[in-house]
Amino acid sequence: MLRIIVPIKQVPDMSQVKFDTEEGRVDRSSAAAEINPFDLNALEAAVQIKEKLGGIITTISMGPRQAESALRDALSRGADDTVLLTDRAFAGADTLATSYTLASAIRKLGEFDLIICGEKTVDGDTGQVGPQIAEHLGIPHVAYVSKLEEVGEKLVVVCEMEGERYLIESDFPVLIAVTKDINTPRLPSLRGKLNARKAEIKTWGAEELSSIAEKGRFGTQGSPTRVHRITIPAEEGRKGRIFRDTSDEAIEEITNALYRYKG
Ligand SMILES: Cc1cc2nc3c(=O)[nH]c(=O)nc-3n(C[C@H](O)[C@H](O)[C@H](O)COP(=O)(O)OP(=O)(O)OC[C@H]3O[C@@H](n4cnc5c(N)ncnc54)[C@H](O)[C@@H]3O)c2cc1C
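None of the values given here were measured: they were computed from a predicted structure.

1. Considerations on the environment of Gly-216
Okay, so step 1: With respect to the helices, strands and loops of the structure, Gly-216 is situated in the loop between α6 (206–209) and α7 (248–262).
Okay, so step 2: Looking at Gly-216, the relative accessible area reads 36%, which means it is partly exposed.
Okay, so step 3: For Gly-216 and Ala-97, which are 119 residues apart along the polypeptide, the C-alpha to C-alpha distance reads 9.5 Å.
Okay, so step 4: Those residues in contact with Gly-216 that sit more than four places away from it in its chain are Gln-221 and Gly-222.

Written out as structure tokens, the structure is:
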């Protein structure tokens, strides 16, 4: 029976969200929140493994109290247990502090075999947190996993990176970060939704992690990243140009324009 951990992040609906360019941050109150779409693929991969081999899936999220709804959503889609990491001390975390906090909580949970992350989030979009968690825990990781070939004594996965496909084998425990190609996430079941509504959500703050983590590595204090400026690039509309001439110079001009477009 595999013990699987799925870190999930609650993100704003990116088609609605507004940016606070003065403060240099995403205005999370401007849009509805949902589970990061890539994390639904991670959860689905975990549920499929559980259905085949048996297992326990624990989802874990660091965020404000509202992230509880993302964890309930995860329960309704097949997770067994959840932990919400929420505390003012965790606020202002960059990816290093986020991954450190998540890794500390995973340590506190005890033994595990497999951690499945999404490839990246649709708001932060760095893809750093998964591999960083693995580094904090001192375990191997494989990113950009598009297929699980074998889950048994060992884990064999297909990793697709920059147009190449790699077949990678690893012992447990291991962390993988999965792409959207790995599966199609299922919808929550009605029974799952009803159970999730009543479920207890474990909530841990800095105090609960104090026996295994250094408080100075949480939140703003533990974040070396500084955001200097946030800008929204101006959208360039289509620029039409008509070439009427048929001379050699005109042909050269068209050829150069096409090369510029291709480059
Ligand atoms: C200086 C600074 C201050 C910031 N302050 C805040 C803040 O106050 N509040 C805030 O919300 N964000 C804050 N952020 C953004 C925050 O750092 C990132 O959202 C977070 O570290 C995750 O990075 P990412 O979104 O790029 O995740 P990625 O690395 O793209 O995510 C990959 C995978 O990691 C897992 N994962 C990522 N984040 C979480 C999470 N929180 N919980 C569980 N699993 C996760 C998921 O499986 C996800 O698919 C700040 C960033 C900076 C640079």
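2. Digging into the packing of helix α3 (residues 95–109) against helix α4 (residues 129–137)
Okay, so step 1: Running from N to C, α3 and α4 point in directions that differ by 50°, and their axes come no closer than 8 Å. Taken together, the axis directions place α3 and α4 in an arrangement best described as oblique. By crossing handedness, the relation of α3 to α4 is classed as right-handed. Here Thr-95, Leu-96, Thr-98, Ser-99, Tyr-100, Leu-102, Ala-103, Ile-106 and Arg-107 of α3 lie close against α4, whose contacting residues are Val-129, Gln-132, Ile-133, His-136 and Leu-137.
Okay, so step 2: Residues belonging to the contact of α3 with α4 are distributed by class as follows: 8 nonpolar, 5 polar and 1 charged.

3. Describing the site of the ligand
Okay, so step 1: Taken together, 30 residues lie around the ligand, and Lys-9, Asp-39, Ala-93, Thr-121 and Thr-126 are the ones closest in.
Okay, so step 2: For the ligand, an oxygen atom lies 3.3 Å from a polar atom in the side chain of Asn-36.
Okay, so step 3: Between an oxygen atom of the ligand and a main-chain N or O atom of Gln-128, the distance comes to 2.8 Å.
Okay, so step 4: Against a free-state accessible area of 940 Å², the protein chains account for coverage of 81% of the ligand.

About the thresholds
- Along each chain, the written sequence defines residue order, and numbers are assigned to residues from 1.
- For a predicted model such as this one, the threshold for reporting local features is a pLDDT of at least 70, and the threshold for listing and counting side-chain atom pairs is 80 or more; totals across whole chains, interfaces and linings nevertheless cover every residue.
- The basis for the side-chain values is all heavy atoms of the structure; hydrogens and waters are excluded.
- Only DSSP runs of H or I with at least four residues qualify as helices, and only runs of E with at least two residues qualify as strands; both kinds are numbered from the N terminus onward.
- Exposed residues in this analysis have more than 50% of their type's maximum accessible area, buried residues have under 20%, and partly exposed residues fall in between, with area computed by a 1.4 Å probe over protein chains only.
- In this analysis, two residues are considered to be in contact whenever any of their non-hydrogen atoms come within 4.5 Å of each other.
- Angles here are taken between N-to-C directions and fall from 0 to 180 degrees, while the axes themselves are lines fitted to C-alpha atoms, restricted in helices to the stretch in contact.
- An angle below 35 degrees is read as roughly parallel, one above 145 as roughly antiparallel, one from 65 to 115 as roughly perpendicular, and any other as oblique.
- Here a crossing is called left-handed whenever its near helix is offset anticlockwise from the far helix by less than a right angle, and right-handed whenever the offset is clockwise.
- Under the scheme applied here, ten amino acids are nonpolar (Ala, Val, Leu, Ile, Met, Phe, Trp, Tyr, Cys and Pro), four are charged (Asp, Glu, Lys and Arg), and all others, including Gly, are polar.
- One heavy atom suffices: a residue is near a molecule or strand as soon as one of its heavy atoms comes within 4 Å of it.
- A 3.5 Å cut-off defines polar contacts: any pair of N or O atoms within that distance qualifies, except that in protein one atom must be a possible hydrogen donor and the other a possible acceptor, and neighbouring residues in sequence count only when both atoms are side-chain atoms.
- Reported accessibility uses the Shrake-Rupley method at a 1.4 Å probe radius. Residues are deemed covered only where the shown protein chains occlude them.

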